[in-house]
Every structure is written in C-alpha cells, then in structure tokens.
Amino acid sequence: MTIKIATRNVFRNTRRTLISLLVIGVGLTILSFVLGFVGEAILAAKRSLAMELGAFQIGDPRVLDGKASGLEGLIPPEIAERALALVRGLPGVAGATTQVRFAGLVGDERGSTLLLARGIVPEDCMTDYACMIVAGRGLGTTDAREIVLGERLGARLGVAPGDRVNVATGTVAGTLNAATVTVVGLIQYGEAQVEERLGLVPLGFAQRLLRTNGVERVLVWLDDLDRSSPYAAELNRAFSTERLPLAVRTWDELTPFFASLQTFWSAFSGFTTLAVFVLVFFSVLEVLTISFLERTREVGTVRALGASRGRVFAGFVTEGLVIGIVGGLAGAVAGAAVSLVFNSLGLTFVPPGGNMPQPIRVAVGASTLAIPFLVALGATVLSSLYPAGKNARLTVVEALRSV
Amino acid sequence: MQQGSFCYVAGTPVIEAQGLTKFYTLGKETVRALDRVDFTATQGDFAVINGPSGSGKTTLLNMFALIDRPSEGEVLFEEKPTSRLTEGELALLRREKIGLVFQTFNLIPVLSVAENVEYPLLLTKTPRAERRERVAARLDEVGLSGFERRRPDELSGGQRQRVAVARALVTEPRAVLADEPTANLDSGTGKQIMELLQGLNRDHCVTFLVVTHDPSVVGYAQRVLTIRDGRIQGEEKRGAPGPA
C-alpha cells in the first residue's frame, strides 16, 4: 500500500511530476552521454596504446624505464629466445615479436634529416603496420635492405616507393655505419611528429647496421588486455627464478601519461556526475517540498488514524524513490537513445598533433546506464529526506490544522 | 465488536477526563482552552459535547483522541492513564481502539473508497482476507456497497462522510470520536449521518463522542454536555435518544 499510495501521489499533480521527470531526464541524458564519451575516449586511447606497445614489453629494466638508450641494454639473442619461450607458454598470447630501435640520419644527395628507426620482424603480423601503408607495400623479409618511411618524412625528403635513400647510424661499438636502402612504402602513423621521423626497417638489416645480434625489447600482445598485470608479475617471478636480466613493463607502465589522461577524464566525469546530482537534487527537493507541504493535512489524518512517524516518513521517501526510479529509467533510456543516434552519424575528428581522422563514438553500456540511474535514485531519495522528515515531525494537531 | 441491540458491558468506562486543563501560548498571552474538565464516557454511550466556537470542545476531543496532550490532568483510556505513554504507544491505541470522524471527512484522495476504509486495517496488519471482509461489511452498513472503486472526489459530501464513518468503525474500536460531523453537510444529509451514527452506536455497543455546535445533533444523544470557556457547564442525560 505504501508504494501504491506513493506512486499515486507522485502522479497526482501530473504537470509538476512531468517537470521533475524532464529535469531528471535531461540531466541523465547529458550524464549518460558524457560518461559514454569519456568511457569510449579512454578505451580508444587504451586500445591504441596497447596495439602500438603491446600488452607488455620485456627488456633491460633501464631501457624500459627510459634510463638508458636501447643500444646500452640490448638483450642477447639466446636470452630473448628464453623470454619468448616463456611468453609463448602463456595462454591467450595473441602475438610476440622482438624489436630494436635506433636513431640516425636518412637522406640522399639532396640532404639528410633525423631518423627514428624501428627494426621489426616483418613476418610478425602484430607489427607489420600493413593497415597504415598509404603508398607502396610493407617490408619484405627480415634481411631485406628496405625501409618504410613515415609519409611526412617521405614528403620532406621528396622520395616515393622505389627510390633509394641512405641510412646512417652509430654502431654498438660506437663507430658510424651507413647503408643504401630502397623505400618500399610510406605509412600514415597518425601522429604528425612521429611520422616526420619514422622509418621501419627489417630487424636483420637493423642488427647488421648496428653491428649486433641482440634485440632491444620483446613486445607481447594478449587476447585480453586485463591479463597484462598478472602475466607481468608471473614473468617477473620467472625471470628472477631463472636469473635472466630482464624485466616486464605493462603498457600502462610504459605510458605514464595515460594515467594522467585517465585521471583528467575521470575528474571530468566525476564533475559532470556531481553537477547532475546537484541539479536533480535541488529540482526534486523543490517539487517534493511543495508537494509534501500541500499534503500536511493528510499527514495529520493518517497520524490520527494511528500511522507512526516512521510510516509517514517512509511514505514520503518512497515518493522520492518512485520519482527516482521512473526518472532514472527514462533518463537512462533517453541517454542511450541519444548516444546511439550520435554514433550513427559517424562523426570524426583529427586529434591535436595528429593527421588521421578518428571516429568520435559514445559508449553505451551497463555503466553509462547504471550510473545515471543510481545518480537519479540517490538524488531523489536524498532530496525527499528533508521534507519527509519535516512532515513526519509535525504533531498530529499541527498537521490537522494545516489548510 | 459486540453486535445486536443490547450492550452487555454498558457502564464500563472507556474514556475519562480527570482535571483536564490545556493552556495555549499565543505570543505573550496564555490562553486556557480547557479548565479542569472531568468527564467519563462509558461503553455504549452516545454523548454530544455541545458549545459555541472557541469553547474548547475540539481541544477536548483531541485529548480524548490522544492526538494532543493536556497541560494538566489526565486522560484515561479503558481506565489506564495515557499521559506517560510514548508517541508510538499512543499511535497504537489510536489505530486499535479509537475511530475518528472529521468535519472535513479527511479521506485520502488518491485512494478509492474501499482503500480508504481498508487503510486503518493495514496499520494494524490485519490479514488480507479479513480486511476485505471487514471493508465490505462496513461499506454495506453505511450504504455504500457498489461504491468501492470510486475516488473521494467522485462522491457527494454525505457519501464521503459515510466512508469516513466506515473507516472509523472498520478496526472495531472501543470509541468513535466525531468532530462536527455534520458541519459540512446540508441539513438533510446531516440528519442521515446522525441517524447512521446512532444506529451504529446501538448495533455495535461502541462509545460515540460527538462534538458539535449544531443544535439539531443534540437530539440524537443519550448524554449532552455543554462546554463554555473550557469548562463543562452541565450535563443532560436522556433515556431515549432520537432526532430533535
């Protein structure tokens, strides 16, 4: 009966209730949209970083932590093989590859510019960069004298696939080495600054150029990114047991800025959630206060009939709950609908420093629906406490005298 | 509830006032609304408390209904003092042993006729089947069978007061207290309501205390108390009540 009376009371003044529900609905739609947008932005950044860096990397801890250059902490091939063998024994490993990075110069007789090169294994599908090729083709075998350049670097040098360029770098021994390679392709990397310096060469060729047979790091991709940390801990223990001079760093440990990014977005979500909570709280508080005030005499009646203060209080709070449930459901559904419509528009944007349009999407899921719903429920119930308490505290005679 | 035309335990005190005094503070002034009122209503009584506006009759009824506390004196319900009872204990007494009829009917507008009558039974946690049975019986008794699903705003004033009477009786209380039950009704409807209350008093052996300033109501009472300036001025006992 309490719920029945509360529900009927809520819809007693339809206009007033609809205004409350509208405020809740609009607030929750905005909140649901913001949460979905932020959620998707974080997820997209996470996916992008994890695709680029792998779920985790194995290498010399000084190199992985940026305290030494790659050439100072190269991993001997037999140790790299041991690490790869351990990794391949883990379930859910999507791929693993070795890499060496070096800085040098690239150019021809017309001039040279800085090159940040990555020696990769072309046969490893996780790092063949095939989807980024905008001209020419990807690298061939691991020993081929080939290079794929960032599109902007290619443009700066005035070279196209089929042209030959010279690559020069310092060897492990500290001497200089150079080689002429064929540009086989151009890639669009997505970040302009990286693309102006980037060159991909086969790992075997890079090792010959650097005069080493070591690798700088092992990159590992997982089917489930959430396994990164447990696997990292497991491998660190194994390396320690086998006395391998290696360490594991997960994708988020390798990108400290991601934590800052996540904190920023979380703060933004939190502020929006708080703002919507306050908006709903005060809107519903005003409506419920007026509504409860109008029914003070009814409070007197039910108290005179023997209803306890607690029952009266619970009745009014139930009204807040009913508004919260109805408004919360309506807002969550409206938020999901707006997000789905927004996603169907297929909007894109070019991020700062980027040169490739990225899709703007809004996530629609359990959290983007549940959080707004709980915000509505919490705000409406909380806003009902004061007027409910005020009415319940009245003496029966005071309440009955109310006009 | 004892049904029939004879009240077996007539004479047993139900509500008693002993030196009942009530002060109100209005600004710097203290008003004495009741002044040492002594009165006993026994089982089966049909008493009318009569007096002009401001005489203190509603204040007295509020004390008897246990919704207001005296400044001095004591209200005894079934011979037990009530001044030391907690709010919760008073509420329990009200829901189980007292029925109230208000001048302005005071029905809950969002509930149907049947739900309004059922409401006090929900407070006493009466089982569903028994609730339905009692509601149907009381509505039949006040002549509102067939009106169960109507809302109060779909009823006339007289019908609303009948619903209020059914609600007051549904818990089978020891006393029904009515505050100006005919004040918002036309004379014909008021007469019907008083005849209804009189019949229910006769049939159920329930004590009825009616507060009024309407002289036509007085004729239905076995006992008529006149109150003025917060004091009982006198009591008239009538053997065979009937309409004035």
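What you see is a predicted model; the values in this text were computed from it and never measured. (Residues numbered from 1 in each chain as written. Chains lettered and ligands numbered in written order. Predicted model: local features only at pLDDT ≥ 70, side-chain atom pairs only at ≥ 80, totals over all residues. Heavy atoms only, no water.)

1. Considerations on the nonpolar core
Here comes step 1: Ranked by internal contacts, the top residues of the largest apolar core, which has 46 residues, are Phe56(A), Ile58(A) and Ile147(A).
Here comes step 2: In this structure Phe56(A) touches Val87(A), Val218(A), Leu219(A), Val220(A), Leu222(A), Ser228(A), Tyr231(A), Leu235(A), Val248(A), Arg249(A), Thr250(A) and Trp251(A), once residues within four positions along its chain are discounted.
Here comes step 3: Grouped together as the second largest cluster of nonpolar side chains are 38 residues, Ala114(B), Val142(B), Val206(B) and Tyr220(B) included. (Core = buried A, V, L, I, M, F, W, Y, C linked by side-chain atoms within 4.5 Å. Buried < 20%, exposed > 50% of the residue type's maximum accessible area, 1.4 Å probe, protein only. Contact = heavy atoms within 4.5 Å.)

2. Observations concerning the sheet that holds strand 10 (residues 231-237) of chain B
Residue and element names in this part refer to chain B.
Here comes step 1: The 6 strands are arranged 6-7-8-3-9-10 in an open sheet whose pairing can be described as mixed. Two strands close off the open sheet at either side, each with one partner strand: strand 6 (98-101) and strand 10. Taken over all neighbouring pairs, the strand axes of this sheet differ in orientation by 15° on average, direction set aside.
Here comes step 2: By the bridge criterion, 4 bridges tie strand 6 to strand 7 (residues 175-179) in an arrangement that is parallel. Its bridge partner lying in strand 7, Gly 99 is registered against Val 176.
Here comes step 3: Sitting on the sheet, helix 2 (residues 87-97) is in contact with strand 6 and strand 7, with an inclination near 75° to strand 6. (Pairing = 2+ DSSP bridges. Helix = DSSP H or I, 4+ residues; strand = E, 2+ residues; numbered from the N terminus. Axes fitted to C-alpha atoms, helices over the stretch in contact; angles between N-to-C directions.)

3. Considerations on the interface of chain A and chain B
Here comes step 1: Counting residues at the interface gives 22 residues for chain A, matched by 24 residues for chain B.
Here comes step 2: Considering only the surface of chain A that becomes buried against chain B, Met1(A), Arg8(A) and Leu305(A) emerge as the three largest contributors, covering 29% of it.
Here comes step 3: Viewed at the interface, chain B and chain A are joined by 4 salt bridges.
Here comes step 4: Lys4(A) serves as the salt-bridge partner of Glu115(B), at 3.0 Å between the closest nitrogen and oxygen.
Here comes step 5: In this structure, the connection of chain A to chain B is made through 10 residue pairs in polar contact (both at pLDDT 80 or more).
Here comes step 6: Secondary structure elements with two or more residues in the side of chain A that touches chain B: helix 1 (2-10), helix 11 (296-304), helix 12 (309-344) and helix 14 (396-401) of chain A. (Buried area = accessible area lost by both parts, 1.4 Å probe. Salt bridge = Lys/Arg side-chain N within 4 Å of Asp/Glu carboxyl O. Polar contact = N/O pair within 3.5 Å; in protein donor to acceptor, adjacent residues only side chain to side chain.)

4. Structural notes on the pairing of strand 3 (residues 111-120) of chain A
Looking down a regular strand, the side chains alternate between one sheet face and the other.
All names here are of chain A.
Here comes step 1: Alignment of strand 2 (residues 93-108) against strand 3, held across 9 bridges, turns out to be antiparallel. Each residue of the ladder has a partner; that of Gly 107, found in strand 3, is Ser 112.
Here comes step 2: Hairpin connection between strand 2 and strand 3: a loop of 2 residues separates the two successive antiparallel strands.
Here comes step 3: Sheet topology note: the strand 3/strand 8 (residues 198-202) ladder contains 5 bridges and is parallel. Paired with Gly 119 across the bridge in strand 8 is Val 201.

5. Regarding the side chain of Glu319(A)
Residue and element names in this part refer to chain A.
Here comes step 1: Locating Glu 319 in the fold gives a position in helix 12.
Here comes step 2: Residue Glu 319 is classed as buried on the basis of its relative accessible area, which comes to 3%.
Here comes step 3: Once you skip the residues sitting within four places of it in the chain, Glu 319 turns out to touch Ala 6, Asn 9, Val 10, Ser 291, Phe 292 and Arg 295.

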